[in-house]
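# What the coordinates show
Residue-level listing of the chains:
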Amino acid sequence: MNSPAGPDHSFDLPSTGSDGLGGRPRRRIVLAVNPTAAFGRHALAGDEAARCLRAAGLDVVVLRRDSMDALREAVGEALRAGPDALVVVGGDGMVHLGVNSLGGTALPLGIVPVGTGNDMARMLGLPLQDVAGSCARVISALADGGRLIDAGRVTSGGRTMWFAGAVSAGFDAAVNERANSWKWPRGTLRYTLAMLRELGSFRAITYTVTADGASAREGAMLISVANVQSIGGGMRIVPDAAPDDGWLDLFVVKPLSRLALLAVFPKVFSGRHTSHPAVEIRRVRSVRLGAENVVAYADGERIGPLPLEIDVVPGALRVLA
């Protein structure tokens, strides 16, 4: 994910006062904004979200920073002050930031999905590219407590992080790696062109897969471990996945020719690929993946090279959805 650009400034309102309902103190929201969500097409979405939330009587702290690392640090500092929720404005990269800030805590996460992918928001049935509609869902869910969903944990290179959507290691991750190295073109066209370029040189990978304690070596074009149905902005790799069933879905595409892979790929958007003999889906609670020279991505964010370990933590995240 590209780092957000823009001025480093925050807007803070005091948490004193009331919401007009019997003098109850106003709820305080930390609003973290990625101004480059969807490649800058929704740069004003953060301001609109702040207005919507404040109009509902909420105190809102708006955070913008020049990099994701700086934004992550600012969010951590703001959460130590004890707000009632964190709301992120952007795409799946911002959801990833939110999940890693809140995973395993009781503090809820709200999502204003204005990014390119929005796969987590799609799974939760949130209005996409609709700031007012998303904020209305946040406000309503804040009143009733939201819902608990599972989150995945991935451990790689001695560090552990959370993910909400999926970990990918293989062809799709290689496409992401290539696309992220380009500055042009922007938008989904960049990923389409990166896919076509990667297809020309990609070969099946030999993985060591340990799923719920059972190990095997197998060749595959890609392997994903998913908590939600789709990745990459609507590719429904595991159409029967649910984010609150206590399971992850292990998605494997076995070795295919380039033409066969290109023929299967469009079917992923409708979920019609699952009957293909090269596609395997099984539910797991933990997975260890190993392979040479393979980089993994989680929620579209670079994790690092294999090996890595993945497990599910049921009910680890409360979402305002």
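Residues numbered from 1 in each chain as written. Predicted model: local features only at pLDDT ≥ 70, side-chain atom pairs only at ≥ 80, totals over all residues. Heavy atoms only, no water.

Before going further, it helps to spend a moment on the pairing of strand 15 (residues 295-298). In this sheet, strand 15 lies alongside strand 8 (residues 166-170) in antiparallel orientation, the contact comprising 3 bridges. Residue pairing across strands places valine 167 opposite alanine 298, the latter belonging to strand 15. As judged from the 4 bridges shared by strand 15 and strand 16 (residues 301-305), these two strands associate in the antiparallel manner. Across the sheet, valine 295 pairs through a bridge with proline 305, a residue of strand 16. (Pairing = 2+ DSSP bridges. Helix = DSSP H or I, 4+ residues; strand = E, 2+ residues; numbered from the N terminus.)

A few words on helix 1 (residues 45-55). Buried residues of helix 1: Ala45, Gly46, Ala49, Ala50 and Leu53, and no others. The arc enclosing the buried residues of helix 1, seen along the axis, measures out at 135°, which places them on a common side. Exposed side of helix 1, more than 90 degrees from the buried face: Arg51 and Ala55 are the residues found there. Of the surrounding elements, those touching the buried residues of helix 1 are strand 2 (28-33), strand 3 (59-64), strand 4 (85-90), strand 5 (109-113) and helix 5 (131-144). Once helix 1 ends, the next one or two residues include glycine 57, with phi positive near 90°. (Buried < 20%, exposed > 50% of the residue type's maximum accessible area, 1.4 Å probe, protein only. Arc of directions from axis to C-beta. Contact = heavy atoms within 4.5 Å.)

Scanning the entire structure with this criterion turns up 1 aromatic pair. Ring plane angle 80° and centroid distance 5.2 Å describe the contact between phenylalanine 171 and phenylalanine 202, whose orientation is recorded as edge-to-face. In this pair, phenylalanine 171 sits in helix 6 (residues 171-180) while phenylalanine 202 sits in the loop between helix 7 (188-199) and strand 9 (205-211), placing the two residues 31 residues apart along the sequence. Note on accessibility: phenylalanine 171 and phenylalanine 202 belong to one class, buried. (Phe/Tyr/Trp six-rings, centres within 6.5 Å; stacked < 30°, edge-to-face > 60°.)

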